[in-house]
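Examining the three-dimensional arrangement
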Amino acid sequence: MNRGVNETGRSFLNAPWDLHFSGHIFFFSILRSGIQAGFQMRYVVSIAAMLAALGSLAADPQWTHLSSSTGDLPVPGPSTEQTGALVADLDKDGTNDFVLSFRKVAPALVWYRRTAAGWDRYVIETNFLTVEAGGAVYDIDGDGDPDIVFGGDWQSNELWWWENPFPAFDASIAWKRHLIKSGGATQHHDQVFGDFLGNGKPQLAFWNQGAKRIFLAEIPSNPRQAQSWPLTEIFCGEAGAGQNTPFRYPEGMAAYDVDGDGKVDLLAGNLWFKHRGGKKFDPIQIGAIGGRIAAGRIKPGKCPQIVIAPGDGIGPLRWYECIGNPENSKDWVGHDLLDRDMIHGHSLQVADIDGDGKLDIFAAEMAKWSEKAKAPDHPNATAWIFYGDGQGHFRKTVLASGIGFHEARVADLNGDGRMDILDKPYCWEAPRIDVWLQFPPLPR
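Residues numbered from 1 in each chain as written. Predicted model: local features only at pLDDT ≥ 70, side-chain atom pairs only at ≥ 80, totals over all residues. Heavy atoms only, no water.

1. So, the pairing of strand β17 (residues 281–285)
- Sheet analysis places strand β16 (residues 271–275) next to β17, joined by five bridges and oriented antiparallel. Within β17, the residue paired with K274 across the bridge is D282.
- Where β16 folds back onto β17 in an antiparallel hairpin, the turn is made up of five residues, including G277, whose phi is positive at roughly 105°. (Pairing = 2+ DSSP bridges. Helix = DSSP H or I, 4+ residues; strand = E, 2+ residues; numbered from the N terminus.)

Have a look at this one:
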């Protein structure tokens, strides 16, 4: 028994500094009381360490894991390849819903509508389409409700938007689909809306991987009647997708004010794009590789920090800070979050997960990406939450291991004000959907 207590004490003393920080007040309080009471120092240290560590862990959010594999949610559909996932309040009831996209077989899109008892499954697109990962949400037709965008994969040269029929929802009636782009090169993996031109109107930025280009699509004055949207090419290149992996196409998109000038900027791959006026943009490299990309105020500074994961490939999971001029690539310094490469890290989100007012990082790996293989490619796939302290330090925790994550989202999924996690694997055990609902942590 004494050996076990002492091992706990040594484990605590050798733990990362951030665990010490979260429990140091409690630790030294127990330590001082024990010494005053005359207990042996080594026992006091061990007991204090154990209680402090337990107190720190207890402060983390707790999770209820729901899955379609256990009947907690409706099964998404028959497709064994699940591509995109979006979160939005589609019915404007104040609670988020989510949409999943598929290829392989119909239906192409389904909507999980939140109810008091859980989720009801609606079909948005009844037809078969080869939908790619990505997607975006915006009120395209200006009628006050959010519409959705998805693009075709390597088999399709089309990009579409679906008109939200609010309030006339019918589980048996599909949403009306409209074209944004038809023709040209195939594959449209990732999209985002933002006023990148600075003209007071949002544009849709999207990758066209077959062309190795990024386009801006401007919303027409009457998008319901338009057969296509005006397109402007703003970038041509790989954007850091040159990892030593068979998946070498560029991907990843986000919108954030990178240089602090009050204007939203485009981030894609391993780049951010400085608008120079008109329709000219300069790409500025942030890191060595590209993939999933997200931005936020992780620590104080003139510029936000940027997180990049390898996406469809293998590489480091890093957050980058600017130590000088954000338009100078050499002034972006990277910090590793893991002591190993991330393997197909196709899920990355920056959010205040534990509600302490400081941004955290969620990142997760795919378990299977080879569609024809029977066994998982990466059976030990891991999903992490890195809890931030607001000063650029993180405490790594494991949410799950051995579960495939692809396009996972962090959002409040049940309307209780706490961040939850939505996961849709690509082809691991598909069709499948998983949700982790947060319930209150113990008091800090």
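2. Some details on the pattern of salt bridges
- As enumerated under the stated definition, the model contains 27 salt bridges in all.
- In this structure, D282 and R276 form a salt bridge, with 2.8 Å as the shortest nitrogen-oxygen distance.
- Relative accessible area serves as the criterion here: at 41%, R276 is assigned to the partly exposed category.
- When the shortest N-O distance is used, the salt bridge between E365 and R340 registers 2.8 Å. A residue pair is termed long-range when its members are at least 10 positions apart, and E365 in the loop between β25 (360–364) and β26 (382–388) and R340 in the loop between β22 (332–336) and β23 (342–343) qualify at 25 residues.
- Several salt bridges share partner residues, and in doing so they unite E81, R103, K104, E132 and D153 into one network. (Salt bridge = Lys/Arg side-chain N within 4 Å of Asp/Glu carboxyl O. Buried < 20%, exposed > 50% of the residue type's maximum accessible area, 1.4 Å probe, protein only.)

3. Brief notes about the layout of surface pockets
- Of the pockets and cavities examined, the largest pocket occupies roughly 760 Å³.
- If you go around the largest pocket, you meet 30 residues; those closest to its centre are V192, M253, A254, Q349 and R409.
- Contributing elements (two or more residues each) for the lining of the largest pocket: β2 (81–88), β6 (136–138), β10 (191–194), β14 (253–256), β18 (292–296), β24 (347–351) and β28 (409–411).
- Counting residues per element, the lining of the largest pocket draws most heavily on β24, at five residues.
- Split by residue class, the lining of the largest pocket holds 19 nonpolar, seven polar and four charged. (1 Å grid on protein atoms, 1.4 Å probe; cavity = no way out; pocket = protein on both sides within 12 Å on 5 of 7 lines; lining within 4 Å. Points joined across faces, edges and corners; volume = space filled by probe spheres on them. Nonpolar A, V, L, I, M, F, W, Y, C, P; charged D, E, K, R; others polar.)

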